[in-house]
Amino acid sequence: MEKPVVLLAEELSPATVEALGPDFEIRQTDGADRSQLLSAIADVDAILVRSATKVDAEAIAAAKNLKVIARAGVGLDNVDIKAATQAGVMVVNAPTSNIVSAAELTVGHILSLARHIPAANAALKNGEWKRSKYTGAELYEKKVGIIGLGRIGALIAARLQAFETQILAYDPYVTSARAAQLGVQLVSLDELLEQSDFISIHMPKTPETIGMIGAEAFEKMKASAYIVNVARGGLIDEDELYTALKEGKIAGAAIDVFVKEPSTDLPFFALDNVVVTPHLGASTEEAQEKAGVSVARSVRLALAGELVPDAVNVAGGVIAPEVRPGIPLIEKIGRIFTALTHDSVTQIDVEVAGEIAELDVKALELAALKGVFKDVVSEQVSYVNAPVLAEQRGISTRLITTTESEEYRNVLTVRGALSDGSRISVSGTLTGPKQIQKLVGVNGYEVEIPISEHLLVFTYEDRPGVIGTLGQLLGNHNINIAGMQVSRNEDSKQALALLAVDSSVPQGVLEQLRQTIGATLAREVDLQD
């Protein structure tokens with residue numbers, strides 16, 4: 001078989017190529033050269049870029065086999081996510097690759113401002129010994145305000161606590177409990193601006209946050225306060241920052257990101273109380289390597305049809321550690337559900353019950369749908385196209401969550417309606433320290449049996465001798481039973497038998513079993529990949 005083709009459109013580390021492994025044909029091109037890019041992308045399965053390559057609607061349309069666009073970094077300004085989604089192409093990035101680097105640069109800027117390190121360095125190299133001019137301030141017992149207490153903000157808070165600072169934070173989406181865990185005091189934005197000696201902003205760039213630190217904010221800050229922006233250009237109004245610095249409304253600023261980049265001649269660059277760097281937040285060897293390795297792994301997962309936690313155009317986003325073990329379980333439940341259907345499906349409900357229902361479990365719905373379609377469509381099913389396959393087939397889907405689960409910590413269920421009016425449901429859970437996958441319910445029957453590669457499912461009129469008959473017939477064909485569970489419905493006098501067997505059962509043998517016990521349902525579920 002031909003290997004999938006991965007195009008490296010920019011220079012990436014050897015570790016990135018190594019992380020891709022030997023299963024792909026690796027090609028390279030200069031993504032900044034438009035003609036080269038459009039020619040090279042035509043038949044590739046995945047493309048890896050940094051910031052110089054624009055993967056827009058034109059490029060996506062030219063790439064007939066494209067399945068994944070991977071940005072080795074955090075920003076995605078050079079990728080047309082809408083066009084990619086419409087084309088069924090997954091977009092991934094490396095959202096956590098630079099967080100340590102950005103946090104450390106922020107702390108470095110705060111220290112530089114507090115002790116005037118860049119200015120003192122420049123003066124001394126210029127032959128000037130000016131100790132008194134560069135008298136600074138300690139961070140000890142100062143108040144540091146963090147606007148935006150996300151991953152980077154939390155890292156900065158942790159690092160600054162070592163200086164015995166008091167950390168204030170403004171973030172409308174962080175709970176007081178989370179802030180308490182971080183040792184941070186949540187305050188209003190106005191309180192933060194008024195009280196802080198140092199302020200660092202770490203907000204996303206949205207229409208609401210552009211220019212959020214402007215003239216009004218500078219009026220509220222202490223004249224001795226410093227502000228730092230290592231997040232996104234434009235969060236601080238550059239013109240009003242210059243005015244505030246020039247008029248002494250604040251003591252100084254450190255800026256790493258700008259509205260337009262590259263920027264080399266902004267007015268505030270000439271001021272002595274400003275420290276500027278050319279967008280160095282992610283510019284460490286470690287961050288660059290982590291970004292490349294991260295997206296390489298995502299490409300491997302995506303091309304294998306697996307769930308990609310860092311896919312930005314797939315609902316579910318980052319998957320909580322508590323949710324991850326349920327992904328392979330509910331995919332198998334989806335496959336079992338499909339094996340038990342006898343007519344077209346019109347509705348699929350994915351139900352998550354128990355402790356994890358409090359978390360973001362959208363990924364479990366995607367995994368269930370992937371399992372439902374895995375064995376019934378000719379194309380490769382992924383977490384990107386599974387919802388599309390359902391929509392194309394007129395199947396409505398719902399994700400239902402409840403924290404109530406009587407017998408198990410968590411129960412995952414796929415249930416659905418068929419066009420003949422009947423319903424099918426399959427439930428499973430994870431038990432014990434080893435998180436063993438078990439079926440705990442099939443079509444209303446309560447069971448508990450480990451999920452194996454080969455499962456037999458029978459429903460029949462409850463009567464003595466059926467289990468013995470099944471065992472004997474399977475034994476006659478050298479098929480070993482690894483486990484068995486029988487459940488009865490007292491009202492209907494029906495029983496369900498679930499058998500885990502060591503090998504696949506030929507269709508003729510399955511039909512013989514059905515006829516011998518008079519089963520209304522006789523199915524084999526083959527979960528081998």
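Our subject is the structure listed above.
Everything quoted here is computed from the prediction, not taken from an experiment.

### Structural notes on the environment of His342
As for its position among the elements, His342 is in the loop between helix H13 (326-340) and strand E13 (345-354). His342 has contacts with Leu418, Asp420, Ser422 and Arg523, leaving out every residue within four places of it along the chain. For His342, the side chain forms a polar contact with the side chain of Asp420, separated by 2.8 Å. Within the structure, His342 has its side chain in polar contact with the side chain of Ser422 (distance 3.3 Å).

### Here's the deal with the sheet that holds strand E8 (residues 185-186)
With parallel pairing, seven strands are arranged side by side in an open sheet as E8-E7-E6-E9-E10-E11-E12. Two strands close off the open sheet at either side, each with one partner strand: E8 and strand E12 (274-276). When strand E7 (residues 166-170) meets E8, the two strands line up parallel, connected through two bridges. If you follow Leu168 over to E8, its bridge partner there is Gln185. Strand contacts of helix H11 (residues 238-246): strand E10 (226-229), strand E11 (252-255) and E12, with the helix running at about 145° to E11, the strand carrying the most contacts.

### Brief notes about the nonpolar core
Residues Leu364 and Leu439 are the most contacted members of the largest nonpolar core, which totals 52 residues. In terms of residues, this core owes the most to one element, helix H14 (residues 362-374), which gives eight residues.

### Points about the pairing of strand E1 (residues 5-8)
The side-chain alternation of E1 yields two buried faces, one formed by Val5 and Leu7 and the other by Val6 and Leu8. In the classification by handedness, the crossover that spans E1, the intervening helix H1 (residues 14-20) and the parallel strand E2 (residues 25-28) is right-handed. Relative to strand E3 (residues 46-49), E1 runs parallel, the two sharing three bridges. The residue of E3 that forms the bridge with Leu8 is Leu48.

### So, the environment of Glu128
Of note, Glu128 is situated in the loop between helix H6 (117-125) and strand E6 (143-147). The class of Glu128 is partly exposed, set by a relative accessible area of 30%. Taking the C-alpha atoms as reference points, Glu128 and Arg178, separated by 50 residues in sequence, lie 48 Å from one another.

### Structural notes on the sheet that holds strand E14 (residues 396-402)
To summarise the sheet geometry, strands pair through backbone hydrogen bonds and adopt either a parallel or an antiparallel arrangement. Strand order in the open sheet formed by six strands is E14-E13-E15-E16-E17-E18, with mixed pairing between adjacent strands. Across the chains shown, the open sheet's two edge strands, defined by having one partner strand only, are E14 and strand E18 (445-450). With strand direction ignored, the average angle separating the axes of adjacent strands in the sheet is 20°. Note: strand E17 (residues 436-442) against E18, four bridges, orientation antiparallel. Its bridge partner lying in E18, Gly441 is registered against Glu446. On top of the sheet, H13 reaches E13, strand E15 (410-418), strand E16 (423-431) and E17; it is set at about 155° to E16, its chief contact. Of the strands in this sheet, E13, E14 and E15 are in contact with H14, which crosses E13 at around 140°.

### Re the side chain of Arg335
You can see Arg335 is positioned in helix H13. Within the local environment of Arg335, its side chain forms a polar contact with the backbone oxygen of Asp526, the two atoms lying 3.3 Å apart. Here Leu527 takes part through its backbone oxygen, which lies 3.4 Å from a polar atom of the side chain of Arg335.

Procedures and definitions
- Residues numbered from 1 in each chain as written.
- Predicted model: local features only at pLDDT ≥ 70, side-chain atom pairs only at ≥ 80, totals over all residues.
- Heavy atoms only, no water.
- Helix = DSSP H or I, 4+ residues; strand = E, 2+ residues; numbered from the N terminus.
- Contact = heavy atoms within 4.5 Å.
- Polar contact = N/O pair within 3.5 Å; in protein donor to acceptor, adjacent residues only side chain to side chain.
- Pairing = 2+ DSSP bridges.
- Axes fitted to C-alpha atoms, helices over the stretch in contact; angles between N-to-C directions.
- Core = buried A, V, L, I, M, F, W, Y, C linked by side-chain atoms within 4.5 Å.
- Buried < 20%, exposed > 50% of the residue type's maximum accessible area, 1.4 Å probe, protein only.
- Right-handed = clockwise from strand over helix to strand, strands pointing away.

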